[in-house]
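Okay, here's what each chain looks like letter by letter:
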Amino acid sequence: MSANNAFHIAVLGGDGIGPEVMRETIRALRALPLDIEIEEHPFGGPGIREFGEPLPAPTLEACLRSDAVMLAAVGSPEYERAEVRPEQGLLHIRRELGVYANLRPVRDDGVDLMIVRELSGGLYYGRKGRLTDGMAFDICEYHPWQIERIARRAFQLARGRRKRLTLADKHGVLETSTLWREVVDEVATEFPDVEADAMLVDNAAMQLVRDPGRFDVLLTENTFGDILSDVAAVATGGVGLAPSASLGESRPGIFEPIHGSAPDIAGKGIANPVATLRSAVLMLRYGLELPDEARLLDEAVDETLVTLSTPDLGGTATTSEFGDALVDVLAAR
Ligand code: IPM
Ligand code: MG
């Protein structure tokens, strides 16, 4: 880290469309009135190719030293059946940085909801393996403290919003869901001003499609949150628009779009950079505590979307044309 007061941002482009959408995001960040130092590092497929692992040690060290990590996308058909896969790097970096609160805001006409996905437990990090008879297992594990800290965070967020919180779970079937209800009920007593209820996850998926405007904060465990956030995104503006912030107790957080690496359109220059740009907005707001700069970038993205969009939204703009227009909007402000 250098001696100046600049914010240090570690940038991981990753796989597929990742580097393309990240390029435009870096340009936009550099166009802001902000002192930042950006360092790019190999991650995912590029990490495997250069260092033999998706999260190479120098990349992890740089991330640990940074104020925030911007990440674009991981996953590649090339590694689908390989022992070492890009996605493992994502699980690894989330664990190493201790991020457990994954905020996935969804905005659309009449919709303003915040999915709060637990990111450190459940099936993703539980015991897993194969038995000699060929059976495979992934155990869904949660400690009360893991639920308590994310629930408190979700209630705090609700308090600053419309003061409504819905827990999505599979109560009646899963023991972990019963624990979630117990702990969330207990945390709820600290927030009497927030109206809390619980909903079965399959019903929550249906309600997200039918009437997403009914939700304010939607709290859920890791796997359910992964799925519900994609459902919520397509039910509103599309996955090309949906960002996320992964936060721990302190910096650095990880800021990444919820979409994948989209290998089918990688290299064509038509990927929508908006989800990554909105993730940069979340980085400025939650990761660096720069609300004015966050608003500036957010509004500039809104303004750019009025005049052009990429093919996933019915437009004809290329990724870099969108970036050009955005930089022009920022320069005019
Ligand atoms: C996401 C992604 C990841 C996840 C994958 C790439 C491991 O789908 O961030 O939603 O499941 O968490
Ligand atoms: Mg996902």
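Going by the structure above, here's the rest.
Per chain, the residues get numbers from 1 upward, laid out in the order the sequence is written. Following the order in which they are written, the chains are lettered starting with A and the ligands numbered starting with 1. Under the rules for a predicted model, residues below a pLDDT of 70 receive no local features and side-chain atom pairs below 80 are neither given nor counted, while totals for whole chains, interfaces and linings still include all residues. Processing note: side-chain calculations cover all non-hydrogen atoms of the structure and skip hydrogens and water entirely.

### So, the pairing of strand β3 (residues 68–73)
Rules: In this scheme, a residue with accessible area under 20% of its type's maximum is buried, one over 50% is exposed, and one in between is partly exposed, where area comes from a 1.4 Å probe on protein chains only. Segments assigned H or I by DSSP are reported as helices when at least four residues long, segments assigned E as strands when at least two residues long, and all are numbered from the N terminus. Each pair of strands is called paired provided DSSP finds at least two bridges between the two strands.
With six of its six residues buried, β3 lies for the most part within the structure. The pairing of strand β1 (residues 7–14) with β3 spans five bridges and is classified as parallel. Residue pairing for β3: Val11 is matched across the bridge by Met70. Sheet topology places β3 next to strand β12 (residues 253–257); three bridges connect them, and they run parallel.

### Let's talk about the layout of surface pockets
Summary: where empty space remains is shown by rolling a probe the size of a single water molecule over the atoms. Note the following rule: Grid points spaced at 1 Å over the protein atoms alone were grouped into cavities, where a 1.4 Å probe fits but cannot get out, and pockets, open sets with protein on both sides within 12 Å along at least five of seven lines, with lining residues defined by an atom within 4 Å of a point. Grid points are joined across faces, edges and corners, and a volume is the space filled by probe spheres set on the points. When residues are sorted by character, Ala, Val, Leu, Ile, Met, Phe, Trp, Tyr, Cys and Pro go into the nonpolar class, Asp, Glu, Lys and Arg into the charged class, and all the rest, Gly among them, into the polar class.
Computed from the structure, the largest pocket encloses a volume of approximately 1,000 Å³. By residue number, the principal contributor to the lining of the largest pocket is helix α4 (residues 86–96), which donates eight residues. Of the residues that constitute the lining of the largest pocket, the class distribution is 20 nonpolar, seven polar and 12 charged. Within this model, the second largest pocket holds a volume of roughly 480 Å³.

### Quick word on the nonpolar core
Put simply, the rule reads: We define the nonpolar core as a collection of buried residues of types Ala, Val, Leu, Ile, Met, Phe, Trp, Tyr and Cys that are connected through side-chain atoms lying within 4.5 Å of one another.
Val116, Leu219, Met283, Leu284 and Leu297 are the most contacted members of the largest nonpolar core, which totals 61 residues. Grouped together as the second largest cluster of nonpolar side chains are 15 residues, Ala10, Leu55, Cys63 and Leu90 included.

### Some thoughts on the pattern of salt bridges
So the rule is basically this: A pair is scored as a salt bridge if a Lys or Arg side-chain nitrogen falls within 4 Å of a carboxyl oxygen belonging to Asp or Glu.
Taken as a whole and judged by the stated rule, the model has 25 salt bridges. When the shortest N-O distance is used, the salt bridge between Glu78 and Arg49 registers 3.5 Å. Taken together, the positions of Glu78 in the loop between β3 and α4 and Arg49 in helix α2 (residues 45–51) put the pair 29 residues apart, joining distant regions of the chain. Note that Glu256 is salt-bridged to Arg94, the shortest N-O span being 3.1 Å.

### Quick word on the packing of aromatic side chains
Threshold: Stacked, tilted and edge-to-face are the three classes assigned to paired rings of Phe, Tyr and Trp, where Trp is represented by its six-membered ring and a pair needs centres within 6.5 Å; plane angles under 30 degrees give stacked, over 60 edge-to-face, the rest tilted.
Applying the stated criterion across every chain, the model contains two aromatic pairs. Consider the rings of Phe155 and Phe191, whose centres lie 5.1 Å apart with planes at 15°: the pair is stacked. A residue pair is termed long-range when its members are at least 10 positions apart, and Phe155 in helix α5 (residues 144–159) and Phe191 in the loop between α6 (175–188) and β9 (195–200) qualify at 36 residues. Residue Phe155 is classed as buried on the basis of its relative accessible area of 0%.

### So, the packing of helix α1 (residues 18–30) against helix α9 (residues 274–287)
Here is the rule we go by: Here an angle of 0 to 180 degrees is reported between the N-to-C directions of two axes, which are lines fitted to C-alpha atoms, with helices fitted over the stretch in contact. An angle counts as roughly parallel when it lies under 35 degrees, as roughly antiparallel when it exceeds 145, as roughly perpendicular when it falls between 65 and 115, and as oblique in every other case. In a left-handed crossing the near helix is turned counterclockwise from the far helix by less than a right angle, and in a right-handed crossing that turn is clockwise. Whether two residues are in contact is decided by their heavy atoms: any pair within 4.5 Å suffices.
At a minimum axis distance of 9 Å, the contact between α1 and α9 shows a crossing angle of 45°. With respect to α9, the axis of α1 lies oblique. Of the two possible hands of crossing, α1 and α9 adopt the one that is right-handed. Along its contact with α1, which presents Val21, Met22, Glu24, Thr25, Ala28 and Leu29, the element α9 presents Thr276, Leu277, Ala280, Met283 and Leu284. Here the residues of the contact of α1 with α9 sort into eight nonpolar, two polar and one charged.

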